[in-house]
Structure formats: C-alpha cells, structure tokens
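Coordinate inspection notes
Take a look at the letters that make up each chain.
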Amino acid sequence: MNNYNSELKNVLLLGLLPLLAASKDIITAVIISISLFLIVLLLKILYSYTEKYLSVKTNWFLMLVTGFSLANFCYLILPNIFSELTGITRLYILLLGSTPLIYSLLPERNSRIVIKKLFLFLLLILSTSIIRELVGRDILTVLKQPAGGFLVLGLVGISLEIILTRINLLTAHKDETNQKKRGGEA
Amino acid sequence: MDTEGLLFLNHLLQENIVFYYFLGALLIIIKTPPLKKSYRTGLIFSSGLLATGLLGWLLNPVFSESFTYLVPGFYFFNALLGLAIIKKLGLLNDYWLGIPEYILALGPLVGLQMIAERLGQNNGFDLVIIIAGVSGFYLAFLTIAAIKEQLQLSEAKNELFKSEYTLLIVMAIFSLLLMGFDLM
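**With respect to the overall build of chain A**
Across its full length, chain A holds eight helices and zero strands. Each helix and strand of chain A, placed in order from N terminus to C terminus, yields the pattern α-α-α-α-α-α-α-α. Its C-alpha atoms give chain A principal-axis dimensions of about 65 × 55 × 25 Å. For chain A, with 186 residues in total, the buried portion stands at 47%. Across chain A, the fraction of contacts at a sequence separation of at least 24, relative to all contacts at a separation of at least 6, is 71%.

**A word on the overall build of chain B**
Scanning chain B from N- to C-terminus turns up seven helices and two strands. For chain B, the sequential pattern of α-helices and β-strands runs α-α-α-α-β-β-α-α-α. Once the C-alpha set of chain B is aligned to its principal axes, its extents read approximately 60 × 40 × 25 Å. Contacts in chain B between residues at least 24 apart in sequence constitute 70% of all its contacts with a sequence separation of at least 6. Carbon and sulfur atoms form 64% of the exposed surface of chain B, whose accessible area is close to 8300 Å². Charged side chains in chain B number 10 positive and 13 negative. The centres of these two groups are separated by 15 Å.

**Here's the deal with the pattern of salt bridges**
Any two side chains of opposite charge can pair if their charged atoms end up close together. Residues and elements named next belong to chain A. Counting across every chain of the model gives five salt bridges over all chains. For Lys 116, the salt bridge is made with Glu 7, and the minimal N-O distance between the two is 3.6 Å. Of this pair, Lys 116 sits in helix α7 (residues 111-138) while Glu 7 sits in helix α1 (residues 4-14), placing them 109 residues apart in sequence. Given a relative accessible area of 16%, Glu 7 falls into the buried group.

**Details of the interface of chain B and chain A**
Taken together, the contact between chain B and chain A spans 42 residues of the former and 44 residues of the latter. Buried area between chain B and chain A, summed over both chains or domains, comes out near 3900 Å², and the portion from carbon and sulfur atoms is 82%. The largest share of the area that chain B buries against chain A comes from Phe 22, Arg 118 and Tyr 165 of chain B, three residues that together contribute 20% of it. At the surface where chain B touches chain A, the tally comes to one salt bridge. The residue Glu 164 of chain B makes a salt bridge to Lys 9 of chain A at a minimum N-O spacing of 3.5 Å. The tally of links between chain B and chain A comes to four residue pairs in polar contact (both at pLDDT 80 or more). Of all the secondary structure elements, the ones that give two or more residues to the side of chain B that touches chain A are α2 (25-31), α4 (71-88), β1 (95-96), β2 (99-100), α5 (103-119) and α7 (164-179) of chain B.

**A word on the confidence of the model for chain B**
Per-residue confidence for chain B averages 89 on the pLDDT scale, and 97% of its residues sit at or above 70. The ipTM assigned to the predicted complex is 0.91, against a pTM of 0.91.

**With respect to the nonpolar core**
Core analysis: the largest hydrophobic core is formed by 112 residues, its most contacted members being Leu 12, Leu 16, Tyr 103 and Leu 124 of chain A together with Val 18, Val 110 and Phe 137 of chain B. Ignoring sequence-local partners within four residues, the contact set of Val 110 of chain B consists of Phe 68, Leu 94 and Leu 95 of chain A together with Tyr 75, Phe 76 and Ala 79 of chain B.

**Considering the packing of helix α3 (residues 35-66) of chain B against α4 of chain B**
Residue and element names in this part refer to chain B. Interhelical geometry of α3 versus α4 gives an angle of 150° and a closest axis separation of 8 Å. One way to sum up the angle between α3 and α4 is to call them roughly antiparallel. The hand of the α3/α4 crossing is right-handed. When α3 is examined against α4, the residues Ile 44, Phe 45, Ser 47, Gly 48, Ala 51, Thr 52, Leu 55, Gly 56, Leu 59, Asn 60, Phe 63 and Ser 64 are found in contact with a partner set consisting of Val 71, Phe 74, Tyr 75, Asn 78, Ala 79, Leu 81, Gly 82, Ile 85 and Ile 86. Residue composition of the contact of α3 with α4, by class: 13 nonpolar, eight polar and no charged.

**Digging into the packing of α7 of chain A against helix α8 (residues 146-185) of chain A**
Residue and element names in this part refer to chain A. Running from N to C, α7 and α8 cross one another at 125°; their axes reach a closest spacing of 9 Å. Comparing the axis directions of α7 and α8 gives the class oblique. Judged by the twist between their axes, the crossing of α7 over α8 is right-handed. Between α7 and α8, the residues in contact are Leu 123, Leu 124, Ser 127, Thr 128, Ile 131 and Arg 132 and Pro 146, Gly 148, Gly 149, Val 152, Leu 153, Val 156 and Leu 160, respectively.

**Points about a nonpolar patch on the surface**
Judged by side-chain polarity, Val 30, Ile 34, Leu 38, Leu 41, Leu 42, Ile 45 and Tyr 49 of chain A come together as a nonpolar surface patch covering roughly 670 Å² of accessible area. Take Leu 41 of chain A: it is sitting in helix α3 (residues 26-53).

**Focus: unusual backbone geometry**
Residues and elements named next belong to chain B. Phi is positive for Phe 22, which is not a glycine, with a value near 65°. Secondary-structure assignment places Phe 22 in the loop between α1 (3-12) and α2. The phi dihedral of Leu 92 falls on the positive side, at around 55°, and the residue is not glycine. Positionally, Leu 92 belongs in the loop between α4 and β1.

**Some remarks on the side chain of Asn 16 of chain B**
All names here are of chain B. The residue Asn 16 is located in the loop between α1 and α2 in this model. Given a relative accessible area of 0%, Asn 16 falls into the buried group. At a separation of 3.3 Å, a polar atom in the side chain of Asn 16 contacts the main-chain carbonyl oxygen of Gly 136. Filtering out sequence-adjacent residues up to four positions away, Asn 16 remains in contact with Asn 10, His 11, Tyr 21, Gly 136, Leu 139, Ala 140 and Leu 178.

**Here's the deal with α5 of chain B**
Helix length check: α5 of chain B, at 17 residues, gives a terminal C-alpha distance of 25 Å against a target of 24 Å (1.5 Å per residue), a fit within 8%. Burial of α5 of chain B is extensive: 14 of the 17 residues sit out of reach of the surface.

Basis of the calculations
As a convention, each chain's residues are numbered from 1 in the sequence order in which they are written. Lettering of chains starts at A and numbering of ligands starts at 1, both following the order in which they are written. At least 70 in pLDDT is required for a residue's local features to be given in this predicted model, at least 80 for side-chain atom pairs to be given and counted, and no such filter applies to totals for whole chains, interfaces and linings, which use all residues. Only hydrogens and water are set aside when side-chain values are computed; all heavy atoms of the structure are taken into account. Secondary structure is summarised from DSSP: a helix means a run of H or I of at least four residues, a strand means a run of E of at least two, and numbering begins at the N terminus for each. Burial here depends on accessible area, computed with a 1.4 Å probe over protein chains only, as a share of the maximum for the residue type. Under 20% is buried, over 50% is exposed, and the range in between is partly exposed. Residue contacts follow a heavy-atom distance rule, with two residues in contact if any of their heavy atoms lie within 4.5 Å. Computed with a 1.4 Å probe, the accessible areas rest on the Shrake-Rupley method; for each residue, only the protein chains presented here act as cover. Under the convention used here, Asp and Glu are negative, Lys and Arg are positive, and both His and the chain ends fall outside the count. Lys charges are placed at NZ, Arg charges at CZ, Asp charges at CG and Glu charges at CD. Salt bridge criterion: a side-chain nitrogen from Lys or Arg within 4 Å of a carboxyl oxygen from Asp or Glu. Buried area: the accessible surface (1.4 Å probe) lost by two parts on joining, summed over both. Contacts described as polar in this section are N or O atom pairs within 3.5 Å, which, within protein, must combine one atom able to donate a hydrogen with one able to accept it, while residues neighboring in sequence count only if both atoms come from side chains. pLDDT measures how confident the predictor is about each residue, on a scale from 0 to 100. The definition of a nonpolar core used throughout is a set of buried Ala, Val, Leu, Ile, Met, Phe, Trp, Tyr and Cys residues joined through side-chain atoms within 4.5 Å. Between N-to-C directions, angles cover 0 to 180 degrees, with each direction set by a line fitted to C-alpha atoms, over the stretch in contact for helices. An angle below 35 degrees is read as roughly parallel, one above 145 as roughly antiparallel, one from 65 to 115 as roughly perpendicular, and any other as oblique. Each crossing gets its hand from how the near helix is turned against the far one by less than a right angle, where anticlockwise is left-handed and clockwise is right-handed. Each residue is assigned to one class: nonpolar for Ala, Val, Leu, Ile, Met, Phe, Trp, Tyr, Cys and Pro, charged for Asp, Glu, Lys and Arg, and polar for all the others, Gly among them. Patch criteria: residues need more than 30% relative accessible area and no salt bridge. Like-charged residues are merged within 9 Å; nonpolar side chains of Val, Leu, Ile, Met, Phe, Trp and Tyr are merged within 5 Å. Given the number of residues in a helix, its expected span is that number minus one, multiplied by 1.5 Å.

This is the structure:
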C-alpha cells in the first residue's frame, strides 16, 4: 500500500519555508519550484559521486556549501529575468539553499520516491498559490498576507491528507479483494 | 517613542521573523519540547541567532563594501558560528528524516542577517532588527510550545486535529493577531 499520507506531511514540513513564502502568487511558485528541482538534480548528481569517497560529515558539509552556492547563483540571476522576484521574495531564493527537502532527497536511492516527493511538493505549492492568488485578489485580500500562507497551506494539507487517506483505503480494499479472489481460485 | 524603539517593536510584533517572514517556523514546529523545557531550549536557539547576528553586524561593513557578491556566502559561514553554539549547548546533534538536524536552523540564521541588511535604516546592517528578531523568535518559540502542548492534551478524537496542519492554522491566527500592531 502506498503510504502517501506520512510522505505528504514530511514533504510539507521539509519544504515549509518555500511552501509558505513562494506561494504568494503562481509565477513565483513555479519559478521557485523549478529552481528547487534543478538544485536537487545537480546536487543528486554530485552526491552520487562524492558519497563513495568522503566521510558522511564532510559530504553533508560539501552538499550544504554547494546547495548554497547554487541558490546564490539563482539569487543573482533570476531577479534580472523575472521582475516578480524583487523585494523580500528575492531573499527566499537564497534560502532555497537551506531547504531541508533538497537534502532529504539526496541519500534516497529509489528515483521513484524522489519523483513522488517532488510531485507532492509541486502539488502543495501549486494548490496553495492558486488559492492564494485567485481568492486573495479581490475577496479575501488577507490571503496575500503571511497569515494567508499559514492558513491556506494548513487547509490544503488537511484536504489532501483526507483525500489521500480515502485513496489509500480504496487501494487497500482492492488489494484485499484481489487476494481473496486468488485464494478462492486456488 | 523614538524611531529605534518603534523599529524594535515593529520587528518584534508585526514583522516577527517567524510569523511574518516564516523563518524558523519549521524549527519551531519540530523542535519545541514541552513548555517547561522550552524556556531553556528557546534560549539556546536564540543565543545562536544572536551570536550570528552580532558577528554579521560587526563584519558586514567590510564585506558589503569590498566583496558584494560574496555577502550571501559570508552570511552562510557566519551562520555556522550560530550552529556551532547551538550544537555545543547540546541541541541539533541528531538526524531527522535522514538529514542532520542542524540544517533546520540554517534558514533562520542566514535569513535574519539578510533581513537586517535589507531593512536596516540607511541601507545599513541594523542591530535593532537583529535584537528584535531574536526576541521575536523566542516569543514565537514559547507561544508555539504552549499551543503544541495544548493540542496534544486536547480530547479531539481525530488525530488530524492534533497534527501539524492544525498548528499551521493556529499560527495563521497568531500571524493575523500580530498584523494588528501597526507601529511604523
């Protein structure tokens, strides 16, 4: 059975800072997500080589320095291309280098789990930013404020948790029925 | 009240680093022990933040004038001092979900310095913002520790109401409350 629920909570917690800060509008959310994915990809390539030769402590330190350097590169380049990333939002590009989600994916050998976690992150950030942008534009302007980030992310998390619990229950029920059928045939 | 007093109160309440800039929100959600122990734990985290901020304040003029592009790197290495203090005092030495716990504290340690630089008066690294940020972090740490304890003690049958999602909604209400202090 796929345990999406605990993974959803883990992804939400590990990526909390970008999920709260970058979900102000859809464009920022997309740009920050793409930057995060690129940093993960590059760090994973590097990690696959360095883990064989370096001690665990040194390797983590190297990953942090490289992660921060990549985030710094994005911090210097991206605001020149996208005008949305000015002001305080720019700060969060640099802080991508300290996002625990990136580092938690590095030791993971199963690429399906990595893709699943990145997909859950994308799902969370896009749903939060779409609600904040669409509802926060005219009706509830408070959703554009930091309080809106906490509120919408909490509500999106609860909703997805309930939906995924239902999916898990359905999958478990299907598996059980199939097993019973096979048992009957045998 | 003078400008610096207002700036301090503004960054302590309305622009609190946890409830306004989201820095350290994860650290607080994960690492808050029961309220009785959180006075000490909060002080340890705050001392790490303060040490990093003070070093940033002392060295920032040198770096920002000569090596502008290296400033974020300087903040990162500065944050390592704060981490060293926190680890020396017995926290963040384990692993959490497969990563070293000290990574959780990097965000607030680097972010506070960047906010102090960006929002400081006359574009300078502002010590008042650092002190207000550290005090605001301690305030948030104690508040969330108390709320988390209450959530765990609640009689709600559904575990969802005791989870981190509910804590996020409580933090939203707290953030709304702090928005009411319009000081600047």
